[in-house]
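# Close look at the chain arrangement
Below, each chain spelled out in residue letters.
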Amino acid sequence: MSALPSQGAGSSPALRSLETIWKARAADGLSAQRAESMRRFLALGLPTIRDESWRYTNLRRISGREFVAPAAGTEATSAPALSAEVAVLLEGLAPAASFTLVDGRPVPWPSLDALRGALEAASLRDLLARHPAEIAPALRAPRDEDAARWSLLNAALFDDGLRLRVSSPLPAPILVLRVPGAAGAESIVHPRVLIEALPGASATVLELHVGTESAALANSVTRLELGRGARIEHYRVFAGADGAAFLDSLDVVQEESSECRQFTVALGGGLVRAHLDAHLAGRGARFEGHSLAAGSGTRQVDCVTVATHDAPDTTSTQTARAIASGTSRVVVNSKVTVRPGAVRAESRQSCRGMLLSQGAEIDARPQLEIYADEVKCAHGATTGRLDPDMLFYLLSRGLDRATAQSLLVFAFLADVLIGMSAGGTRAAIENALIGQLPDATTLRNFR
Amino acid sequence: MLSIVDLQARIAGKTILNGIDLEVRPGEVHAIMGPNGSGKSTLAQVLAGREEYEVTAGRVDFDGRDLLAMPAEERARAGLFLGFQYPVEIPGVNNVYLLKAALNAKRRAAGQPEVDAYEFLALVREKMRIMQMNESFLSRGVNEGFSGGEKKRNEILQMLVLEPKLAILDETDSGLDIDALKVVAQGVNTLRHPERAVVLVTHYQRLLDYVVPDHVHVLARGRIIKSGDRSLALELERRGYDWLLESKVA
């Protein structure tokens, strides 16, 4: 991994425009940290395919653009209506609390009185104005700078977002809906969400990223902090128009005996770059990272998951299932690092891809770096087409070819789906996935 | 019901079937025997519509229709059933869903409405009793984690639910202990009916003690080299195949 600026993109219009946005912004309580983040970001430059973690995803279309900050006065005060295909994803979901971020800014949320003592919410804009020191520790970028540059840019430029603090087990999921607003396609926004689960607390969180063709580019960051014994089941789902682009970084920091189960699901958009950095900092912390990437049309999905074991007796599991049709491309990068001292760490990585057309491409890369003793690590990656024996078996029982194919694709994804314990969320994701398969109608009747 | 004339087929450039002629009438049970590599399984797969095999000559008439012109799924809906020698495991696809989808595909093709959920379960339970299968099979993935014997029972269960006109059972007896063999044979006998026919592909005559065939054929090098009644199977059991192969070469 190179720490030098990428020469090719070093002078790109996008980089220059981001520097201009940076220079124009007003100082605040985090200026020193922001300056350091921006300095590092500018030194790294925009990623190019020469950067290890960006080998398969070309950001030419982004680096050639000139961005502006969203114009003042475009801020939404209420949540916009959702398209039907996105609304389907929320059907049957009965959240304990819902938050909507429009262009990265939270709109006023309903009272949380019923959850007093269990959930607190604050806008980052308020915290920045009043208690910037509370946010400062959460601005640290992941160690892997090459992968983390968008996170650095977010730390430098974010001006709003949400902090959720969970202090006891929550009975139902928290929904965080991220939708585009009036900020146009020429702008870039840097939403940031910080979710803290205090010791012993537990929550299920669904973050739904919705994109449109004409939306601002969202360079979003979510940080999950799990205190001792805390549990979080986190879903991030990307949905929306083919022209939408998502750059999302998810940082997870886990203290002793905490448990994080994470599901990343790419269902829509033209470009989805979903980065995940899990830091198992406390003894006995457990992390599961599961991803489902559905490539269709010309979509590019690039999932990078990095789990760093930094304490004894930590465990991590990464499961990635990718399907690709049309001329889509899905990249699954999964990396485990076991740092010195993380004895008895255990990790499992399983990346599997299924190609559904000639022109599609899947690149699956599990990586492993071990610097400690007594560790158990297993990994595997396979990519193939529909199994002809399975297909023939189903056809020989009279099933339509389209149905048989859909059924097999769905079965292939089931490994990840069955792990989703949030019932409503799982059903909604299943429905949305099925909707992208050739014989959706019959398949719905199967369940 | 099934009329095969001079059927020739190959895979990856290698000819396996060298001109098969076979006539199966309603109500009959035929046994096709033969040494390893004689083309028994290929014949079963070609009849079921496996696309990897290329039919190079001949014709097959099934119930008045040109079987070779139909894709696999259409053959199934028309009433042809293949019991696989090695049933594939399909994790994530539920057994009961597959059974229901298969039955409904057949019913739709026959212009019948989809099966009522209650009736369907009653039907499946009845057939499972015949096959001495535990109800937990239904909620598992297709053949997932099944033992060899369980997979074969599951094939026969599917056959009983679908009630095909013609069942081709490819070495359904292989790998079964004697108790499982009896259960499978009982399942096959349940299907026997003046309107239906069964083709048993088998290595050994053991199954034929329980499912008594009307006709026995010996397949070798892609051709039927001898046909007879049940006594042929008993003779093969005693003498093996070599005497037939030698006399054919001579």
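So, here is what we can say about the structure in this document. (Residues numbered from 1 in each chain as written. Chains lettered and ligands numbered in written order. Predicted model: local features only at pLDDT ≥ 70, side-chain atom pairs only at ≥ 80, totals over all residues. Heavy atoms only, no water.)

### Remarks on the overall build of chain A
A count of helices and strands for chain A gives 12 helices and 20 strands. Scaling as 2.2 N^0.38, a compact globule of 447 residues should have a C-alpha radius of gyration of about 22 Å, and chain A matches this with 21 Å. The principal-axis extent of the C-alpha atoms belonging to chain A is close to 70 × 50 × 50 Å. Of all 447 residues assigned to chain A, the portion counted as buried reaches 58%. Considering only residue pairs separated by 6 or more positions, chain A has 84% of its internal contacts joining residues 24 or more positions apart. Taken together, the 46 basic and 48 acidic charged side chains of chain A have centroids lying 2 Å from each other. (Helix = DSSP H or I, 4+ residues; strand = E, 2+ residues; numbered from the N terminus. Rg over C-alpha atoms; globule rule 2.2 N^0.38 Å. Buried < 20%, exposed > 50% of the residue type's maximum accessible area, 1.4 Å probe, protein only. Contact = heavy atoms within 4.5 Å. Lys, Arg positive; Asp, Glu negative; His and termini not counted. Charge placed at Lys NZ, Arg CZ, Asp CG, Glu CD.)

### Some details on the overall build of chain B
For chain B, the helix and strand inventory stands at 8 helices and 12 strands. In summary, chain B has a C-alpha radius of gyration of 18 Å against a globular reference of 18 Å for 250 residues, a match within 12%. Counting only C-alpha atoms, chain B reaches 60 × 40 × 35 Å along its principal axes. Sequence separation of at least 24 residues holds for 68% of the intrachain contacts in chain B that already meet a minimum separation of 6. Carbon and sulfur atoms provide 47% of the accessible area of chain B, an area that totals close to 10800 Å². Each charge class in chain B can be summarised by its mean position, and for the 32 positive and 35 negative side chains these summaries are 1 Å apart. (Areas by Shrake-Rupley, 256 points an atom, 1.4 Å probe, with all protein chains shown as cover.)

### Quick look at the pattern of salt bridges
Residue and element names in this part refer to chain A. By the definition in use, this model includes 51 salt bridges over all chains. Across the pair E259 and R231 runs a salt bridge, and its minimum N-O distance is 3.8 Å. Of this pair, E259 sits in strand β12 (residues 259-266) while R231 is found in strand β10 (residues 231-240), placing the two residues 28 residues apart along the sequence. Look at E259 and you get buried, because its relative accessible area is 15%. One salt bridge connects E259 with R286, and the closest N-O pair in it is separated by 2.8 Å. One end of the pair, E259, is in strand β12; the other, R286, is in strand β14 (residues 286-295), and 27 residues separate them in sequence. Under the relative-accessibility criterion, R286 is labelled partly exposed at 36%. Each member of the salt-bridge network shares a partner with another, and the members are R105, R125, D159 and D160. (Salt bridge = Lys/Arg side-chain N within 4 Å of Asp/Glu carboxyl O.)

### Overview of the sheet that holds strand β5 (residues 65-66) of chain B
In a beta sheet, neighbouring strands pair by backbone hydrogen bonds and run either parallel or antiparallel. Residue and element names in this part refer to chain B. The strand order across the open sheet built from 4 strands is β2-β1-β4-β5, with neighbouring strands paired in antiparallel fashion. Of all the strands in the sheet, the pair left with one neighbour each is β2 (14-24) and β5. Two strands pair when backbone bridges link them, and strand β4 (residues 54-62) and β5 are joined in this way by 2 bridges, in the antiparallel orientation. Paired with D61 across the strands is D66, a residue of β5. (Pairing = 2+ DSSP bridges.)

### Here we look at helix α11 (residues 423-435) of chain A
The first and last C-alpha atoms of α11(A) sit 18 Å apart over 13 residues, in line with the 18 Å expected at 1.5 Å per residue. Buried within α11(A) we find T425(A), A428(A), I429(A), E430(A), A432(A), L433(A) and I434(A). (Expected span 1.5 Å × (residues − 1).)

### A short note on the interface of chain A and chain B
With 19 residues of chain A in contact, the opposing surface of chain B contributes 31 residues. Residues D389(A) and R50(B) are paired through a salt bridge, measuring 2.8 Å at the closest nitrogen-oxygen approach. Among the elements that make up the side of chain A that touches chain B, the one with the highest residue count is helix α9 (residues 388-395) of chain A (7 residues). Classifying every residue of the side of chain A that touches chain B gives 12 nonpolar, 2 polar and 5 charged. (Nonpolar A, V, L, I, M, F, W, Y, C, P; charged D, E, K, R; others polar.)

### Section: the sheet that holds strand β10 (residues 197-201) of chain B
All names here are of chain B. Ordered in space as β6-β9-β10-β3-β11-β12, the 6 strands form an open sheet in which the pairing is mixed. Because the sheet does not close on itself, it has two edges, and the strands there are β6 (80-83) and β12 (223-228). Within the sheet, the average angular offset between the axes of one strand and its neighbour, ignoring direction, is 20 degrees. Pairing geometry for strand β3 (residues 29-33) and strand β11 (residues 215-220), over 4 bridges, is parallel. What sits directly across from H30, in β11, is H215. (Axes fitted to C-alpha atoms, helices over the stretch in contact; angles between N-to-C directions.)

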